[in-house]
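Chain by chain, the residues run as shown.
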Amino acid sequence: MQSNHISLKNIKINDPFWNNVCELVRREVIPYQYEALHDRVEGAEKSYCIENFVKAGRVVKALKNGESVPVYPVDKWQYTDENCDENAFHGWVFQDSDAYKWLEAVGYSLINHPDAELEKKAKEVVAVICDAQLENGYLDTLYIINDRSKVFTNLRDFHELYCFGHLAESAVSFYNATGDRRLLDAACRFADLICDTFGKDKKRGYGGHEIAEMALVRLYEQTGEQRYLDTAEFLVNERGRRPYYFDAEHGVNSKGEAYHYNQAHRPVIKQDEAVGHAVRGVYLYSGMADIAKYKNDAEIYTACKNIWSNIVNKKLYITGGIGATVDGEAFSFNYDLPNDLAYSETCASIGLIFFARRMAELNAVSDYGDVAERALYNTVLAGMSEDGKRFFYVNPLEVNPEASHKDSRKRHIKPVRQKWFACACCPPNLARLISSVGEYAFSENESTFFVHQYIGAAVQSRFGRIDIASDYTQSGKVKITAKAPVNLALRIPSWCSDYSISAPFTAKDGYAYLDGVTDVEISFDCKPKLVRCSNRVRANIGKAAVTKGAFVYCAESVDNGENLQMLTLDKNTAFEQDGEFLLADGWREEAQNALYSDFTETPKTPCKIKLHPYYRWGNRGENEMTVYLPVN
Ligand code: FUB
Ligand code: ZN
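As the structure is a prediction and not an experimental result, all values here were calculated from the model.

Here's the deal with the site of ligand 1
Here is step 1: In the neighbourhood of ligand 1, the contacting residues comprise Phe94, His159, Tyr162, His209, His277, Val279, Glu329, Glu345, Tyr393, Cys423 and Cys425.
Here is step 2: In this structure, an oxygen atom belonging to ligand 1 sits 2.9 Å away from a side-chain N or O atom of His277.
Here is step 3: Within the side chain of Tyr393, an N or O atom sits 3.5 Å from an oxygen atom of ligand 1.
Here is step 4: Protein burial of ligand 1: of its 270 Å² of free accessible surface, 95% is covered by the chains.
Here is step 5: When the residues that make up the shell around ligand 1 are grouped by side-chain class, the tally is six nonpolar, three polar and two charged.

What to know about the packing of helix 13 (residues 346-362) against helix 16 (residues 426-435)
Here is step 1: Relative to each other, helix 13 and helix 16 sit at 30°, their axes nearing to 9 Å. By the angle between their axes, helix 13 is roughly parallel relative to helix 16. When you trace helix 13 past helix 16, the crossing you get is left-handed. Only Cys426, Asn429, Leu430, Arg432 and Leu433 of helix 16 make contact with helix 13, whose side of the interface consists of Thr346, Cys347, Ile350, Ile353 and Phe354.
Here is step 2: Grouping the constituent residues of the contact of helix 13 with helix 16 by class yields seven nonpolar, two polar and one charged.

A few points about unusual backbone geometry
Here is step 1: The omega angle of the peptide bond from Arg242 to Pro243 is -5°, so this bond is cis rather than trans.
Here is step 2: Of note, Pro243 is situated in the loop between helix 9 (226-238) and helix 10 (245-250).
Here is step 3: With a phi angle near 65°, Tyr48 is a residue other than glycine that sits in the positive phi range.
Here is step 4: By the element assignment, Tyr48 lies in the loop between helix 1 (18-37) and helix 2 (49-64).
Here is step 5: Residue Tyr48 is classed as buried on the basis of its relative accessible area, which comes to 9%.
Here is step 6: For Asn563, which is not glycine, the phi torsion reads 65° and is therefore positive.

Describing the pattern of salt bridges
Here is step 1: A complete count under the given rule lists 42 salt bridges for this structure.
Here is step 2: Of the charged contacts in the structure, one is a salt bridge between Lys410 and Asp340, with a shortest N-O distance of 2.9 Å. Here Lys410 is found in the loop between helix 15 (401-406) and helix 16, whereas its partner Asp340 is found in the loop between helix 12 (298-314) and helix 13, with 70 residues between them in sequence.
Here is step 3: Notably, a salt bridge pairs Asp407 with Arg409, separated by 2.7 Å at the nearest N-O pair.

What to know about the pairing of strand 10 (residues 477-491)
Here is step 1: Bridge count between strand 7 (residues 448-451) and strand 10: four bridges; the pairing is parallel. Note that in strand 10 the partner of Phe450 across the bridge is Ala489.
Here is step 2: Pairing geometry for strand 9 (residues 464-471) and strand 10, over six bridges, is antiparallel. What sits directly across from Asp471, in strand 10, is Lys477.
Here is step 3: The antiparallel pairing of strand 9 with strand 10 creates a hairpin that spans five residues between the two strands, and Gly476 there sits at a positive phi of about 80°.
Here is step 4: Taken together, the ten bridges between strand 10 and strand 13 (residues 511-524) define a ladder with antiparallel strand orientation. Bridged to Ile480 within strand 13 is Val520.

How each quantity is defined
All residue numbers refer to position in the chain's written sequence, counted from 1. Labels follow written order: the first chain is A, the first ligand is 1, and so on. Reporting in this predicted model follows two pLDDT cut-offs: at least 70 for local features of residues, and 80 or more for side-chain atom pairs to be given and counted; totals over whole chains, interfaces and linings ignore these cut-offs and use all residues. With hydrogens and water stripped out, all remaining heavy atoms of the structure feed into the side-chain values. Proximity is defined per residue: if any heavy atom of the residue lies within 4 Å of a molecule or strand, that residue is considered near it. A 3.5 Å cut-off defines polar contacts: any pair of N or O atoms within that distance qualifies, except that in protein one atom must be a possible hydrogen donor and the other a possible acceptor, and neighbouring residues in sequence count only when both atoms are side-chain atoms. Values of accessible area rely on a 1.4 Å probe in the Shrake-Rupley scheme; residue burial ignores everything except the protein chains shown. For this classification, Asp, Glu, Lys and Arg are treated as charged, while Ala, Val, Leu, Ile, Met, Phe, Trp, Tyr, Cys and Pro are nonpolar and the rest, including Gly, are polar. Lines fitted to C-alpha atoms define the axes here, with helix axes fitted over just the stretch in contact, and angles between the N-to-C directions of these axes take values from 0 to 180 degrees. The way it works is that DSSP assigns letters per residue, a run of H or I at least four long becomes a helix, a run of E at least two long becomes a strand, and they are numbered from the N terminus. Angles are sorted into four bins: roughly parallel if under 35 degrees, roughly antiparallel if over 145, roughly perpendicular if 65 to 115, and oblique for all others. In this scheme the crossing of two helices becomes right-handed for a clockwise turn of the near helix relative to the far one and left-handed for an anticlockwise turn of less than a right angle. The contact criterion used throughout is that any non-hydrogen atoms of two residues lie within 4.5 Å. For the exposure calls, accessible area comes from a 1.4 Å probe over protein chains only, and a residue counts as buried if that area is under 20% of its type's maximum, exposed if over 50%, partly exposed in between. Think of a salt bridge as a Lys or Arg side-chain nitrogen and an Asp or Glu carboxyl oxygen that are within 4 Å of each other. A pair of strands is treated as paired once DSSP finds two or more bridges between them.

Laid out in structure tokens, this is it:
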């Protein structure tokens, strides 16, 4: 059954768990990132983001005045003090997107919590951005500063359509929050240029990093402008068609071999496996789901379902992480889910949540909400520190700090969160997702109100006000109260085999459907349990992970001593809750100093294994961590 998510304006989050997370983003993450974008965080990697917009603004002004403007090369992914002129563009080619993601998060945050000071700062950033737009609507500081004559000549690598996508998403959020049209008008002017440039009888290109597809749909939803939707459909369908656009663009004849990375190896309707760069992938699949919805395209919808099934059955970490390999920040082959080499980028799990929401709105099947929940409560939340000032880009399931420092194959695995990144895609992405988390929880259609995530909130639905009082993350209890009788569809989480709902219901596709109710009490039994992974995944043979409700747990050496690999879980363990920790029964093996010896059972002593929610790991200094433990 199709449904539409509910606008953030109609959702007031009130939840013992999410209030704290959203406040952390509002009070710490957003202000901190504002400083980072302005290069004012001591000891952090430089962003250059706002500096680039200021430089581009000067170029635009000079061009308007008929002054001559220097040209610099556009020939690499990252521009540093060492490799380019000080007046040229600096940072990664997609640096602009960080400001857009920050503004998008600010828009949501202002909807949730008006803040005149923050709005003022954001409006100043908007003014700097708008000043950097060329008269024809083009807006990408790399090309504006370095070489206007080269725009749209390297769609494969240089992210202009990607930056446009983030501009459009931020513009919609910022307009809805403030009523200030400047950024929305700028996004529409750039969108118009893109619609004029790309299409069947025009340039038959598409972006190497997807997002413009879903962003154009977003602009269409906001403005009703049909050609935004049509151009999104073009970008989706043109991808991977022959002759390969990227071949022509780069004067090669690759036969598409290299384009798995960009999901451009074959037309999207012929794709059934998630391949290539994981963030790009899930952004494309989200755009495909949008087209399936608005263009009623059955072939694209089938491709979405096949790709979804491949991800969740063969390429998904228990933490909701995707993109197992650092090699191309990419999906690996089926069942290749190493713990200690995992990439599992924060952005990739965020994109997976985008995809899941769209699929759940196309058809309410609980799988989508289940996976979104795993990603949200584990990988995404792990992406930021408890003080909101440090971030993970990569989210491994096993860490040995010594290996991170000494083994170059594991250099991407950071044992503690970082202040900022030269390539800082994840922190502002996390801020925009968390600030809009309510939009991922509920949806509605003419007959039914859907609860996909049990986040406490007061929701102004088409059926009147609905209150969700949720203690889901602690006791698993939720109470829903509606002002007038309403039909409800409630996701039954796949981790829960024992639940009660206080009113009669029928179950379908993992949702409980209730007719005409005003008060419902739901109780999900969320006792901790051991979970095993398919034995097709080589890394987890003989091991188990511990979960409790939505949360995955892990062991850290700060609680359990070094050499976590010497711990074994008792398969019959009872669990004891100890504050935020779980205590499980197990054993610790005696360390064997001889590298080789005749086989005998290794002596081991019983111990309590202390487990911490995965999303909270790494907040107490460098330390070993593992999600999976041997089980006996
Ligand atoms: O290319 C833009 C962003 O940078 C990607 O989404 C991330 O994976 C990082 O590579
Ligand atoms: Zn990222």
